[in-house]
Amino acid sequence: MSDDLSIQPLTIADRSFGSRLLVGTGKFSSNETMRDALAASGTELVTVALKRADLSGGGDPFANILDYLDADRYLIMPNTAGAMNAEEAVRIARLAQAAGLPNWVKLEIHPDPNYLLPDPIETLEAARILVEEGFVVLPYINADPVLAQRLQDVGVATVMPLGSPIGSNRGLDTRAQIEIIIEQARVPVVVDAGLGQPSQAAEAMEMGADAVLVNTAIAVAADPCRMARAFSAAVRAGRCARELGQSPVSRTAQATSPLTAFLD
Amino acid sequence: MSRFTEIFDRLPLEALRRQSLDTSERTLLPILQRGRAATLADFAALISPAAGTQLEELSRLSQNLTRKHFGKTIRLFAPLYLSNECVNICKYCGFSRHVDIPRITIPVDQAVRESRALADQGFRSILLVAGEHPKSVSNGYVEEVVRRVLPVMPSVALELGPLRTHEYAPLVNAGCEGLVVYQETYHRETYKEMHPAGPKSNFNWRLETPERAYEARFRRIGIGALLGLYDWRWELIALAAHAQYLTRRCWRTQITLSLPRLRPAPGEFQPRHAMSDREFVQAICALRLLLPHAGLVLSTRESPHLRNGLIRLGITNMSAGSSTEPGGYSSYDQNDWKQTREQEGEQFHISDERSPREFAEAIRTQGYEPVWKDFDQSLVSSGTPSETHL
């Protein structure tokens, strides 16, 4: 099946990924369900909230989410969820690295616990510090093209604009802004958050996003494994269409036999 | 932005309560169709007798909203009672100054031992609870407990007598994540009657506590009403208004709500205003439709049957295996987590006596994940990561 929808690999910071679907690890009904859904999704890049993991090295059985993530199969990217400012985010990234996790970090700073919208000022500052320290930084941002440019100037590995607020399932509410970010991008653009349906993920890929990150829609689905497969297929379909080039949208019918054929 | 005390008395709470009782199906249906309560008037409609006949639909909407924001998870925590010494008279409370019970404030070492025992049960989040007693439960004492407990417990919250902002600040700096303060009743006359003596008799001072806590930079602030003192619909509308206000003003803080319900118990204070289980469930679902992002907390006051059912309907945070007596956990059997003696100094008697492990299993049975650890103070302030492990 995948042969029919073969797509180019995704490259972030010199590392190549066969799948363009990134998956988050929160909100699942059990660690076992999460593990199976990740496998079903075909993802190669997963993100995990450090606040839920045990960093003591003591193998805490009550905070053992990392035990369910196969480091040979996925690049495990810690995220800074819970950080309310740049200082805290930087601290979390450093602690993750000290605990032996990869130096990739999904930078997310959301001081507002309700809509979990990212703080642009703190995100830029944290990105600057972490890039200087050698981290591969993937910042979660609002769909703000200027902020995306500023982040690329400091050396982030991707930008991750939100389609709509986390968990909202509203899809690409920020479509017009994301289109500008994609048009101007010097690094891969990953649409993160708000994708509630596979069709929305396909839409993001068709418009030129390099990848998408999905969590809630898979985690709370009645059957997370099947939903993970559905998203995987949608991402591949959307990317495949993008690579082939899409037909332009028109408000009028286009005659199959051109009206000016008699001139040929 | 004005303080809540400045706008509270202008809220049309009684009018909304009456409006709630008279809610018609015509008012209710558009709200259910939207699946959200946009205003306090919508909320009043959702806790109406008319909405009580639509409980299944209300539950479905609440479940969907909760899953979108919190997933299929329940965060677990345990209360750790430090002291039952108290200078207040609260007519309904087991710690009230007028009640004849053995009084104790446990030493810091014992608090650490009890935290370890709770950590062994799985808890990575505790709520330190104490009566209001400035001498025995001094700020210095609480601060020391927090500092000593943090290495074994990554998340620590407080439920103490209200303090000033500058008194909270050192506790936040010591590593406290959250603060819980219940108004008990939002009805001024009832409040006055229930709290005849002690600093707690100052209604406004208590009502402004969450704002002071926010200024001191707590990350999580819990509010609540003790249901049974006054008309539950009135209390719920006031609580919802308070939560709405705090959500706007304290935008960097997660607001959690709790609805401890007084139950009839022999020899104890009798609730004056009854609230049935169905009404209780309705209230929780209605709160979810008004406040989709708020944490909703449920304690072991409620029965196992009701708690099991509510796991899937909107609750996000639950306690388990709780003792409400200072030092109570020291008398628990460490294997099956059962009390080995009468808890004569307890604040109230719990209804759900299941051990933390039994309860975690009950959560799994409902298709949800029990989340023991969801915050780590060491990630956001200096110090080594918590050493919590078996």
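Residues numbered from 1 in each chain as written. Chains lettered and ligands numbered in written order. Predicted model: local features only at pLDDT ≥ 70, side-chain atom pairs only at ≥ 80, totals over all residues. Heavy atoms only, no water.

To continue, consider helix 6 (residues 198-206) of chain A. All names here are of chain A. Of the residues making up helix 6, those classed as buried are P198, Q200, A201, A202, A204 and M205. Buried residues along helix 6 sit in contact with strand 9 (190-192), strand 10 (211-214) and helix 8 (224-244). Residue G208 follows helix 6 closely and has a positive phi angle near 115°. (Buried < 20%, exposed > 50% of the residue type's maximum accessible area, 1.4 Å probe, protein only. Helix = DSSP H or I, 4+ residues; strand = E, 2+ residues; numbered from the N terminus. Contact = heavy atoms within 4.5 Å.)

With that settled, consider the confidence of the model for chain B. It should be kept in mind that the predicted coordinates are not to be read in detail where pLDDT is low. Residues and elements named next belong to chain B. In this model, chain B carries an average pLDDT of 92, and 97% of its residues clear a pLDDT of 70 or more. Element-level mean pLDDT values for chain B span from 84 in helix 17 (residues 377-380) up to 98 in strand 7 (residues 295-298). This complex was scored by the predictor with a pTM of 0.88 and an ipTM of 0.80. (pLDDT = per-residue confidence, 0-100.)

All names here are of chain B. By the secondary structure assignment, R312 is in the loop between helix 15 (304-310) and strand 8 (317-319). In this structure, the C-alpha to C-alpha distance between R312 and P162, residues 150 residues apart in sequence, is 33 Å. Beyond its immediate sequence surroundings of up to four residues, R312 is in contact with Q63, Q366 and Y368. There is a polar contact of 3.3 Å between the side chain of R312 and the side chain of Q366. (Polar contact = N/O pair within 3.5 Å; in protein donor to acceptor, adjacent residues only side chain to side chain.)

This part takes up the nonpolar core. One broad rule of soluble globular proteins: the nonpolar side chains tend to lie buried together. Ranked by size, the top nonpolar core spans 113 residues in total, and within it L158 and L257 of chain B carry the most contacts. Of the residues forming this core, the biggest block, eleven residues, is contributed by helix 13 (residues 232-249) of chain B. Not counting residues within four places of it along the chain, the set of residues in contact with L158 of chain B comprises L127, L128, V142, V146, L171, C176, G178, L179, V180 and F218 of chain B. Counting 67 residues, the second-largest nonpolar core is a separate cluster that includes L38, I76 and L151 of chain A together with F375 of chain B. (Core = buried A, V, L, I, M, F, W, Y, C linked by side-chain atoms within 4.5 Å.)

This part takes up the side chain of H195 of chain B. Among the secondary structure elements, H195 of chain B is positioned in the loop between helix 10 (188-194) and helix 11 (203-207). With residues near it in sequence (within four places) discarded, H195 of chain B still touches I89, C90, Y92, E184, K200 and S201 of chain B.

In this section: the packing of aromatic side chains. The full count for this structure, using the stated rule, is 15 aromatic pairs over all chains. Residues F62 of chain A and W372 of chain B carry aromatic rings whose centres are separated by 5.0 Å and whose planes lie at 80° to one another, so their mutual orientation is edge-to-face. Residue F62 of chain A is found in the loop between strand 4 (45-49) and strand 5 (75-79), and its partner W372 of chain B is found in the loop between strand 9 (369-371) and helix 17; the two belong to separate chains. A relative accessible area of 15% means that F62 of chain A is categorised as buried. Within the aromatic cluster, the residues linked to one another by ring pairs are F4, F8, Y186, Y191, F203 and Y245 of chain B. Over the face of the ring belonging to Y140 of chain A we find K106 of chain A, whose NZ or CZ atom lies 5.2 Å from the ring centre. In this structure, R261 of chain B is placed above the aromatic ring of F280 of chain B, and the distance from its NZ or CZ to the ring centre is 4.6 Å. (Phe/Tyr/Trp six-rings, centres within 6.5 Å; stacked < 30°, edge-to-face > 60°. Lys NZ or Arg CZ within 6 Å of the ring centre and 35° of its normal.)

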